[in-house]
Amino acid sequence: MLTSLAESIFCCLTGKAANLVLPLESSEPSDGYEFVEVKPGRVLRVRHIVPERQPIIMEENGACEDGSSPEDLDSTGNSVHCKRKITVYRNGQLVIENLGDVLHSEILQCQDGDLEPCSTVEVELADYKEMPSSPDPNPVPPPVPPPSGDQKPAPPPRRRRRKPKRTVLINSKRSISSCKGTHSDVALFFVHGVGGSLDIWGSQLDFFSRLGYEVIAPDLAGHGASTAPQIAAAYTFYALAEDLRAIFKRYARKRNILIGHSYGVSFCTFLAHEYPDLVHKVVMINGGGPTALEPSLCSIFQLPSCVLHCLSPCLAWSFLKAGFARQGAKEKQLLKQGNAFNVSPFVLRAMMSGQYWPEGDEVYHAELTVPILLIHGMCDKFVPVDEDQRMAEILLFAFLKVIEEGSHMVMMECPDTVNTLLHEFFLWEPDMSRKDSNNRDMENSVALSDPVHLVSKNMDK
């Protein structure tokens, strides 16, 4: 605490933050680490692991030497009809009509998902407010009571048809396929949140690189070993999003899977919206609800950087308590190994103040047609489970999995469970062979998303 106090006094006197995060001197790739200059003077550290794949040798019967078929090497997948009408009314009501296919799956058991043709259904959603249960945007007025005596009945009131403020129509085809480690056209992108670094993905990067996947994980500006510009504008959502756009365009393959945690989920959503043909699947880990980002003016992070520096031990302890289900020696070691919450007070303050993204509202998320897996730690004190449930309701193809003994840093607490869910989602694809039978047996059955599944930590044993 005395050290923090001395450094904060130095910060106030000099106007500079102590212990700035600077990159290593060398920009050459070393042990899978690279340094990419996304803008002049703006360098991000990236861990990029390219697996060593054996050359493919074809036999006379058309199969590969290991017995697999050529289709397994470059799966084209199954085509799914994505048709949706999104209507926003002036009172803030959001009505979504699903007119295309609806997916159901048991990803945990690694079964193929069923694909069902969906009749028109209207789902009434509101911004975290209770609304009437009827989805009809033009409700029928209540019946008029019968007249008394010889009075003539009053004419029924004229219904005023509400005019929508905005209407979005989605009508496209999307190919959803199994993404295996043997597929050379598949790349996995891991994006961390505020205060983290690429090191929080250590278990996932090692696991999937051993399975043959190409993995890419950057440090955001001011985090890990990336450069830390001393200007607040360098940490706005749009500045960081452009950094990740440059990383994505540099390493992207034909089929890319984005995995985001916390604030990193917003950047994955941005990239999926910008590049729908390149983003094949998305994973959102404790990302919160589908709401536009706006910084809080009453947050503790609005205090001066020197004051935040004095409070840094308390903030680190608070993060440990809220980010992990348990606060033992193991969790403290994980926090240290993951280099989490090890950023300068200036960067932390600028990151929290720069979370302004008005475009990322419910309609923006509802426009996504990519399959999305949501993972939530039940003990998370930063993101309530109802926010991820609402995200699953808004999205077109979403599957929510809840890990009972996980918290905000669930990928560090329960790595085996998270890795299993991720891998089975990567391998999942809809089963088109059941489409005709579902037409006859479940013609009127509709749903927005897969039910919530609880996942026990015993998968880690």
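Positions within a chain are numbered from 1, following the residues in the order the chain's sequence is written. Local features in this predicted model are restricted to residues of pLDDT 70 or higher, and side-chain atom pairs are both shown and tallied only at a pLDDT of 80 or more, whereas totals for entire chains, interfaces and linings draw on every residue. For the side-chain quantities, the full set of heavy atoms in the structure was used; hydrogens and water were omitted.

1. As for the overall build of the protein
Item 1. Going along the chain from the N terminus, every DSSP run of H or I of four or more residues is numbered as a helix, and every run of E of two or more is numbered as a strand. Each helix and strand counted, the protein has 14 helices and 16 strands in total.
Item 2. Think of it in three bands: residues with accessible area under 20% of the maximum for their type are buried, residues over 50% are exposed, and the middle band is partly exposed, with areas taken using a 1.4 Å probe on protein chains only. The burial tally for the protein puts 51% of its 461 residues in the buried class.
Item 3. Within the protein, contacts between residues separated by at least 24 positions form 78% of all contacts whose residues are at least 6 apart in sequence.
Item 4. Areas reported here follow the Shrake-Rupley algorithm with a probe of radius 1.4 Å; residue values treat only the protein chains shown as occluding. When the accessible surface of the protein is split by element, carbon and sulfur atoms take 53% of a total near 22500 Å². The contact criterion used is simple: two residues touch if any of their non-hydrogen atoms lie within 4.5 Å.

2. What about the pattern of salt bridges?
Item 1. Any carboxyl oxygen of Asp or Glu that lies within 4 Å of a side-chain nitrogen of Lys or Arg is treated as forming a salt bridge with it. Under the counting rule described, the total for this entry stands at 10 salt bridges.
Item 2. In this structure, Arg45 engages Asp219 in a salt bridge whose closest nitrogen and oxygen atoms are separated by 2.6 Å. With Arg45 in strand 2 (residues 42-49) and Asp219 in the loop between strand 10 (214-218) and helix 4 (237-251), this pair connects stretches of sequence that are 174 residues apart. The exposure classification of Arg45 matches that of Asp219, with both residues buried.
Item 3. Among the charged side chains, a salt-bridge network with shared partners connects Arg45, Asp199 and Asp219.

3. What to know about the packing of helix 4 against helix 5 (residues 264-274)
Item 1. Axes here refer to lines fitted to C-alpha atoms; in helices the fit is confined to the stretch in contact. Angles between the N-to-C directions go from 0 to 180 degrees. With their axes 10 Å apart at the nearest point, helix 4 and helix 5 run at an angle of 60 degrees to one another. One element, helix 4, and the other, helix 5, form an angle in the oblique class. Of the two elements, helix 4 crosses helix 5, and the hand of that crossing is right-handed. Contacts from Phe237, Leu240, Ala241, Glu242, Leu244, Arg245 and Phe248 of helix 4 reach helix 5 at Ser266, Phe267, Phe270, Leu271 and Glu274.
Item 2. Each residue belonging to the contact of helix 4 with helix 5 can be placed in one class, and the counts come to eight nonpolar, one polar and three charged. Roughly parallel covers angles under 35 degrees, roughly antiparallel covers those over 145, roughly perpendicular covers 65 to 115, and oblique covers all other angles. Here is the rule for handedness: rotate from the far helix to the near one, and if that takes an anticlockwise turn smaller than a right angle the crossing is left-handed, while a clockwise turn gives right-handed. For this classification, Asp, Glu, Lys and Arg are treated as charged, while Ala, Val, Leu, Ile, Met, Phe, Trp, Tyr, Cys and Pro are nonpolar and the rest, including Gly, are polar.

4. Considerations on the packing of helix 3 (residues 202-210) against helix 13 (residues 415-427)
Item 1. The interhelical angle for the contact between helix 3 and helix 13, taken along N-to-C directions, is 45 degrees, at an axis separation of 10 Å. Here helix 3 lies oblique to helix 13, going by the angle between them. Crossing handedness for the pair helix 3 and helix 13: right-handed. Where helix 3 approaches helix 13, its residues Ser203, Gln204, Phe207 and Phe208 are matched on the opposing element by Pro415, Val418, Asn419, Leu422, His423 and Phe426.
Item 2. Its residues placed into classes, the contact of helix 3 with helix 13 shows six nonpolar, four polar and no charged.

5. Notes on the packing of aromatic side chains
The description of an aromatic ring pair rests on the distance of the ring centres and on the angle between the ring planes.
Item 1. Within 6.5 Å between ring centres, the rings of Phe, Tyr and Trp (the latter by its six-membered ring) count as paired, and their orientation is classed by plane angle as stacked under 30 degrees, edge-to-face over 60, tilted in between. Applying the stated criterion across every chain, the model contains 17 aromatic pairs.
Item 2. Relative to Phe426, the ring of Phe208 lies with its centre 5.2 Å away and its plane at 50 degrees, an arrangement referred to as tilted. With a gap of 218 residues between them, Phe208 in helix 3 and Phe426 in helix 13 connect regions that are remote in the sequence. The pair formed by Phe208 and Phe426 is uniform in burial state, with each residue classed as buried.
Item 3. Look at Tyr235 and Phe346: their rings are 6.4 Å apart centre to centre, the planes differ by 80 degrees, and that puts the pair in the edge-to-face class. Here the residue Tyr235 occupies a position in the loop between strand 10 and helix 4, and Phe346 occupies one in helix 9 (residues 345-353), the gap between them amounting to 111 residues. Each member of the pair Tyr235 and Phe346 is classed as buried.
Item 4. Members of the aromatic cluster, each reached through a chain of ring pairs, are Phe237, Tyr238, Tyr263, Phe267, Phe270, Trp357 and Tyr364.

6. A look at the confidence of the model for the protein
Item 1. Within a predicted model, pLDDT stands for the predictor's per-residue confidence, ranging from 0 to 100. Summarising the model, the protein shows a mean pLDDT of 77, and 61% of its residues fall at 70 or more.
Item 2. Residue range residues 105-137 is modelled with pLDDT below 50. Its contacts to residues more than four positions away, or to other chains, number 108 contacts.

7. Considering helix 4
Item 1. The length a helix should cover is 1.5 Å for every residue beyond the first. For helix 4, with 15 residues, the first-to-last C-alpha span of 21 Å sits near the 21 Å given by 1.5 Å per residue.
Item 2. For helix 4, the set of buried residues is Phe237, Ala239, Leu240, Ala241, Asp243, Leu244, Arg245, Ile247, Phe248 and Tyr251.

8. Thoughts on the nonpolar core
Item 1. If you look at the biggest cluster of nonpolar residues, it comprises 51 residues, and the most contacted ones within it are Tyr235, Phe267, Val282 and Leu374.
Item 2. For this core, the element with the most residues is helix 4, which contributes seven residues.
Item 3. What Tyr235 contacts, discounting residues up to four positions off in sequence, is Ala221, Gly222, Ala228, Pro229, Leu240, Phe346, Val347, Ala350, Met351 and Gly354.
Item 4. We call a set of buried Ala, Val, Leu, Ile, Met, Phe, Trp, Tyr and Cys residues a nonpolar core when their side-chain atoms join them within 4.5 Å. Core analysis: the second largest hydrophobic core is formed by 38 residues, Leu188, Ile200, Phe399 and Trp428 among them.

9. Observations regarding empty space enclosed by the protein
Item 1. Definitions used for this entry: grid spacing 1 Å over protein atoms alone; cavity, a set of points where a 1.4 Å probe fits but cannot get out; pocket, an open set with protein on both sides within 12 Å along at least 5 of 7 lines; lining residue, one with an atom within 4 Å of a point. Grid points are joined across faces, edges and corners, and a volume is the space filled by probe spheres set on the points. Throughout the structure, instances matching the rule amount to one cavity of 30 Å³ or more.
Item 2. By volume, the largest cavity is sized at about 50 Å³.
Item 3. Looking at the largest cavity, the residues that line it are Phe189, Phe190, Val191, Pro218, Leu244, Ile247, Phe248 and Leu271.
Item 4. Looking at the lining of the largest cavity, the elements with two or more residues in it are strand 9 (186-191) and helix 4.
Item 5. Residue composition of the lining of the largest cavity, grouped by class: eight nonpolar, no polar and no charged.

10. Quick look at helix 5
Item 1. Most of helix 5 sits inside the fold, with nine of its 11 residues counted as buried.
Item 2. Listed in full, the buried residues belonging to helix 5 are Gly264, Val265, Ser266, Phe267, Cys268, Thr269, Phe270, Leu271 and Ala272.

11. Topic: the side chain of Arg42
Item 1. Turning to its location among the elements, Arg42 is positioned in strand 2.
Item 2. Arg42 gets classed as buried once you look at its relative accessible area, which sits at 8%.
Item 3. In this view, Arg42 contacts Val36, Glu37, Ala221, Thr227, Pro229, Ala234, Ala239, Leu240 and Asp243; residues no more than four positions away in its chain are not counted.

12. Side note on the environment of Thr369
Item 1. Tracing the backbone through its elements, the reader meets Thr369 in the loop between helix 10 (362-366) and strand 13 (372-377).
Item 2. Thr369 gets classed as buried once you look at its relative accessible area, which sits at 12%.
Item 3. Residue contacts for Thr369: discarding those within four places in its chain leaves Cys82, Ile170, Ser172, Arg174, Leu396 and Phe397.

13. Looking at the environment of Ser226
Item 1. Here Ser226 lies in the loop between strand 10 and helix 4.
Item 2. Put simply, Ser226 and Phe35 are 191 residues apart on the chain and 8.0 Å apart in space, counted from C-alpha to C-alpha.
Item 3. Whenever a nitrogen or oxygen atom comes within 3.5 Å of another N or O atom, the pair is scored as a polar contact, on the condition that within protein one atom can donate a hydrogen and the other can accept it, and that pairs from neighbouring residues in sequence are kept only if both atoms are in side chains. Polar side-chain contacts of Ser226 include one of 2.9 Å to the backbone nitrogen of Arg45.

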